[in-house]
Amino acid sequence: MIPSWQTGIVTKVEQATPNTRRYWIQLPEAEKFDFKPGQFVTLDLPIHEQRNKRWRSYSIASMPDGSNVIELVIVALDGGVGSNYIFNEVKEGHQFTLRGPQGVFVMPEIIDRDLYMICTGTGIAPFRSMAHYIKTHNIPHKDIHLIFGTRTSKDLLYHDEMKELEKTLPGFTYHATLSREEWQGRTGYVHDIYEQLSAAKNPAYFMLCGWRAMTDEARDRILKHGYTSKDVHVEIYG
Ligand SMILES: Cc1cc2nc3c(=O)[nH]c(=O)nc-3n(C[C@H](O)[C@H](O)[C@H](O)COP(=O)(O)OP(=O)(O)OC[C@H]3O[C@@H](n4cnc5c(N)ncnc54)[C@H](O)[C@@H]3O)c2cc1C
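Residues numbered from 1 in each chain as written. Predicted model: local features only at pLDDT ≥ 70, side-chain atom pairs only at ≥ 80, totals over all residues. Heavy atoms only, no water.

A.B. asks: Would you explain the packing of aromatic side chains in this entry?
C.D. replies: Each aromatic ring pair is summarised here by two numbers: the centre-to-centre distance and the angle between the ring planes. Tallied over the entire structure, the rule returns 7 aromatic pairs. With 4.8 Å between their ring centres and 15 degrees between their planes, Y116 and F206 make a pair best called stacked. Taken together, the positions of Y116 in strand β7 (residues 114–120) and F206 in strand β11 (residues 204–210) put the pair 90 residues apart, joining distant regions of the chain. Taking the relative accessible area as the measure of exposure, Y116 reaches 3% and is therefore buried. By relative accessible area, F206 is classed as buried at 0%. The residue whose ring lies beneath K12 is W24, and the NZ or CZ to ring-centre distance is 4.3 Å. Over the aromatic face of Y205 sits the side chain of R113, whose NZ or CZ is 4.0 Å from the ring centroid. (Phe/Tyr/Trp six-rings, centres within 6.5 Å; stacked < 30°, edge-to-face > 60°. Helix = DSSP H or I, 4+ residues; strand = E, 2+ residues; numbered from the N terminus. Buried < 20%, exposed > 50% of the residue type's maximum accessible area, 1.4 Å probe, protein only. Lys NZ or Arg CZ within 6 Å of the ring centre and 35° of its normal.)

Right under this line is the structure:
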């Protein structure tokens, strides 16, 4: 069932990277906003006359914590109508019309295989929610690899937080890679990393999130390594 539209009030906005902002949104019509880590909400933005062309979806970057506040992380795209509306018009106190939670990009019920979370840019959002949820609720799991690609170090969302999580969530490894900057860490695209890590062919789940060029390529490569489409779950941003 599709959830009904409700009001969301922006309680805080924070610049996260040069072109990305974090938005905390309170849902006053619900005492508690329940969702599964990995799900998204849809915003109805006043940007087009035709209603469904105004809708933009955003993964929930926070974990369900019994409150009615969620966090979204949104990148301003060149020429992007919705994201630029949000960047230009949405400040603290702004009221959105939104609906959710929606989506089936959620963790396996039982994490009985290694879990690869592969993402670029704001595609880290659902994985941040999942990783914190696994830690907070002591969800049994095998190894978890968060493989995160951005262009430069300035674009690395939640970088310190993920490095910290490596110390506190057993079995969790954070692999950040930059495609357009030399730094002390890895360089290049995300693909080499999971290909090397999964070369041993341990049973694994692969979850991919981001723009289609990355998710299509990752899916093809993973299937060529002998995994099946049942092992690969994809959330495509556009
Ligand atoms: C389930 C779901 C969850 C999403 N979660 C998030 C999220 O957490 N954070 C977030 O920032 N966005 C997220 N998106 C994308 C978001 O819904 C919008 O599509 C995005 O904000 C662009 O909207 P816009 O109106 O600015 O761009 P539009 O005016 O709609 O135009 C954008 C066009 O440019 C293309 N495009 C733009 N930039 C890129 C790029 N870097 N790579 C490839 N193609 C590109 C898009 O495919 C699209 O055709 C999600 C999308 C889905 C479906």
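Alright, that's what it looks like, and here's the rest.
A.B. asks: Would you mind going over the side chain of T177 with me for this structure?
C.D. replies: Positionally, T177 belongs in strand β9 (residues 172–178). At a separation of 3.5 Å, a polar atom in the side chain of T177 contacts the main-chain carbonyl oxygen of T187. If we skip the residues at most four places from it in the chain, T177 touches F148, G149, T150, R186, T187, G188, Y189, V190 and I193. (Polar contact = N/O pair within 3.5 Å; in protein donor to acceptor, adjacent residues only side chain to side chain. Contact = heavy atoms within 4.5 Å.)

A.B. asks: How do you make sense of the site of the ligand when you look at a structure like this?
C.D. replies: Of all residues adjacent to the ligand, which total 19 residues, the nearest are R56, S57, Y58, G82 and S83. Within the side chain of Y58, one N or O atom sits 2.7 Å away from an oxygen atom of the ligand. The separation between a nitrogen atom of the ligand and a polar main-chain atom of S59 is 3.1 Å. Out of a free accessible area of 980 Å², the ligand has 70% covered by protein chains. If you tally residues by element for the shell around the ligand, the top one is strand β4 (residues 55–59), at 4 residues. (Near = heavy atom within 4 Å. Areas by Shrake-Rupley, 256 points an atom, 1.4 Å probe, with all protein chains shown as cover.)

A.B. asks: How should the sheet that holds β7 be read in this particular structure?
C.D. replies: Strand pairing in a sheet takes place through backbone hydrogen bonds and is either antiparallel or parallel in direction. Strand order in the open sheet made by the 6 strands is β10-β9-β8-β7-β11-β12, with parallel pairing throughout. If you trace the sheet from one side to the other, it starts and ends with β10 (186–187) and β12 (232–236), each paired once. In this structure, strand β8 (residues 144–150) lies alongside β9, joined through 7 bridges in parallel fashion. When the bridges of β9 are listed, T150 appears paired with L178. Together, β7, β11 and β12 form the strand contacts of helix α5 (residues 212–224), whose direction differs from that of β11 by roughly 160 degrees. (Pairing = 2+ DSSP bridges. Axes fitted to C-alpha atoms, helices over the stretch in contact; angles between N-to-C directions.)

A.B. asks: Can you walk me through the state of the cysteines in this structure?
C.D. replies: Each disulfide consists of one covalent bond between the sulfur atoms belonging to two cysteines. In this structure the tally under the stated criterion is 0 disulfides. C119 forms no disulfide, and the closest cysteine sulfur to it belongs to C209, at a distance of 7.0 Å. (Disulfide = S-S within 2.5 Å.)

A.B. asks: What is the right way to look at the nonpolar core in this model?
C.D. replies: Within soluble globular proteins, side chains that are nonpolar generally end up buried alongside one another. One finds I124, F127, L146, M162, F172 and Y174 to be the most contacted residues of the largest nonpolar core, which totals 31 residues. Sorting the residues of this core by element identifies β7, α2 (125–136), β8, α3 (159–168), β9 and β11 as the ones contributing at least two each. For this core, the leading source of residues is α2, giving 5 residues. Formed by 22 residues, the second largest nonpolar core is a distinct cluster that contains I60, L72, Y85 and F87. (Core = buried A, V, L, I, M, F, W, Y, C linked by side-chain atoms within 4.5 Å.)

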